Amino acid sequence: MTLIRLGGVTKSFAAAARDAAPVTAVDDVTLEIAAGEICGIIGYSGAGKSTLVRCLTLLDRPTSGTVEINGVDLTAARSDALRTARRRIGLVFQQANLFDSRTIADNVAYPLELIGAERKKRRAKVDDLLGLVGLGDAGEAYPSQLSGGMRQRVGIALALALEPSLVILDEPTTALDVIVEREILSEIRVLQRKLGFAVIFITHDLARMLQFSDRVAVFY
């Protein structure tokens, strides 16, 4: 079953100089990704990979083209439908964006608080998520007390909090050493098989891409 359809997605930005032509960051991308598939997107820095992610989530609206997820055309969706669709997308970036003043458990609970989940259900969900990423004993710690690899595991738990059908990994292991990088990607693969979500994996590392992905799209 097709989860994502990108149809002719293009994103252009106005040039800094008044008389210069617009800069096209993403040019006519058409791509389909199946439910439960891991699709790698690889390309040099500046090729437009992260811009495509922002278009896919409608954080940046495409200049032209369509973005359809779970049968909903996000480019035509009303604000409430767009918010609902975004809840089914988890994001993991190069560094986990955590609240330093909140415990690990409270960080993971944050998206559940935003949707009004009951405290008891939030607690149970957070315990499950931290257990899934191997941090069952770290709930009362603060981000500053964790290693980079542990913080990235918290980021994964955050991305899974709302039970997404799609998880986007945007260079998620760039800041980690090779051993921790391998552990994190292996852990994501296990979780993906267990929970059945699709993955978009963005990187510039071809070896990691080929080891991790079911299919690869190359950006030039």
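Please refer to the structure placed before this passage.
Residues numbered from 1 in each chain as written. Predicted model: local features only at pLDDT ≥ 70, side-chain atom pairs only at ≥ 80, totals over all residues. Heavy atoms only, no water.

## Points about the state of the cysteines
- Applying the stated criterion across every chain yields a total of 0 disulfides.
- This cysteine, C39, is not joined by any disulfide, and C55 carries the nearest cysteine sulfur, 16 Å off.
- Judged by its relative accessible area of 1%, C39 is buried. (Disulfide = S-S within 2.5 Å. Buried < 20%, exposed > 50% of the residue type's maximum accessible area, 1.4 Å probe, protein only.)

## Comments concerning the side chain of Q152
- For Q152, the position within the fold is in helix α5 (residues 148–160).
- Q152 sits in the buried class, given a relative accessible area of 3%.
- Filtering out sequence-adjacent residues up to four positions away, Q152 remains in contact with V92, F93, Q94, Q95, A96, P172, L176 and I184. (Helix = DSSP H or I, 4+ residues; strand = E, 2+ residues; numbered from the N terminus. Contact = heavy atoms within 4.5 Å.)

## Points about helix α1 (residues 49–56)
- Counting buried residues in α1 gives 6 out of 8 residues, a clear majority hidden from the surface.
- Every buried residue belonging to α1 is among K49, T51, L52, V53, C55 and L56, and all of these are buried.
- Immediately beyond the C-terminal end of α1, within one or two residues, lies L58, with a positive phi of roughly 60°.

## Some remarks on the sheet that holds strand β5 (residues 72–73)
- With antiparallel pairing, 4 strands are arranged side by side in an open sheet as β2-β1-β4-β5. The sheet is open, and its two edges are formed by β2 (23–34) and β5, each paired on a single side.
- As defined by bridge partners, strand β4 (residues 64–69) adjoins β5 across 2 bridges and the pair is classed as antiparallel. Its bridge partner being in β5, E68 is matched across the sheet by D73.
- Set on the sheet, α1 makes contact with β1 (2–13), β2 and β4; between it and β1 the angle comes to about 115°. (Pairing = 2+ DSSP bridges. Axes fitted to C-alpha atoms, helices over the stretch in contact; angles between N-to-C directions.)

## Re the environment of R61
- Of note, R61 is situated in the loop between α1 and β4.
- Assessed through its relative accessible area of 43%, R61 is described here as partly exposed.
- In this structure, the C-alpha to C-alpha distance between R61 and L74, residues 13 residues apart in sequence, is 9.4 Å.
- Excluding anything up to four places from it in sequence, R61 contacts K11, L74 and T75.
- A polar atom in the side chain of R61 sits 2.9 Å from the backbone oxygen of T75. (Polar contact = N/O pair within 3.5 Å; in protein donor to acceptor, adjacent residues only side chain to side chain.)

## Examining unusual backbone geometry
- Within the chain, D28 stands out as a residue other than glycine whose phi angle is a positive 60°.
- Residue position: D28 is located in strand β2.
- Although it is not a glycine, E163 adopts a positive phi angle of roughly 55°.
- With respect to the secondary-structure elements, E163 resides in the loop between α5 and β7 (166–170).

## What to know about the packing of aromatic side chains
- For the coordinates displayed, the defined rule picks out 2 aromatic pairs.
- Residues F99 and Y110 carry aromatic rings whose centres are separated by 5.0 Å and whose planes lie at 70° to one another, so their mutual orientation is edge-to-face. Of this pair, F99 sits in the loop between β6 (89–92) and α3 (104–114) while Y110 is found in helix α3, placing the two residues 11 residues apart along the sequence.
- Since its relative accessible area comes to 38%, F99 is described here as partly exposed.
- The interplanar angle of 70° and the centroid separation of 4.8 Å between the aromatic rings of F201 and F212 together place this pair among those described as edge-to-face. Taken together, the residues F201 in strand β8 (residues 198–203) and F212 in helix α7 (residues 206–212) connect sequence positions 11 residues apart.
- Assessed through its relative accessible area of 1%, F201 is described here as buried.
- With a relative accessible area of 5%, F212 lands in the buried category. (Phe/Tyr/Trp six-rings, centres within 6.5 Å; stacked < 30°, edge-to-face > 60°.)

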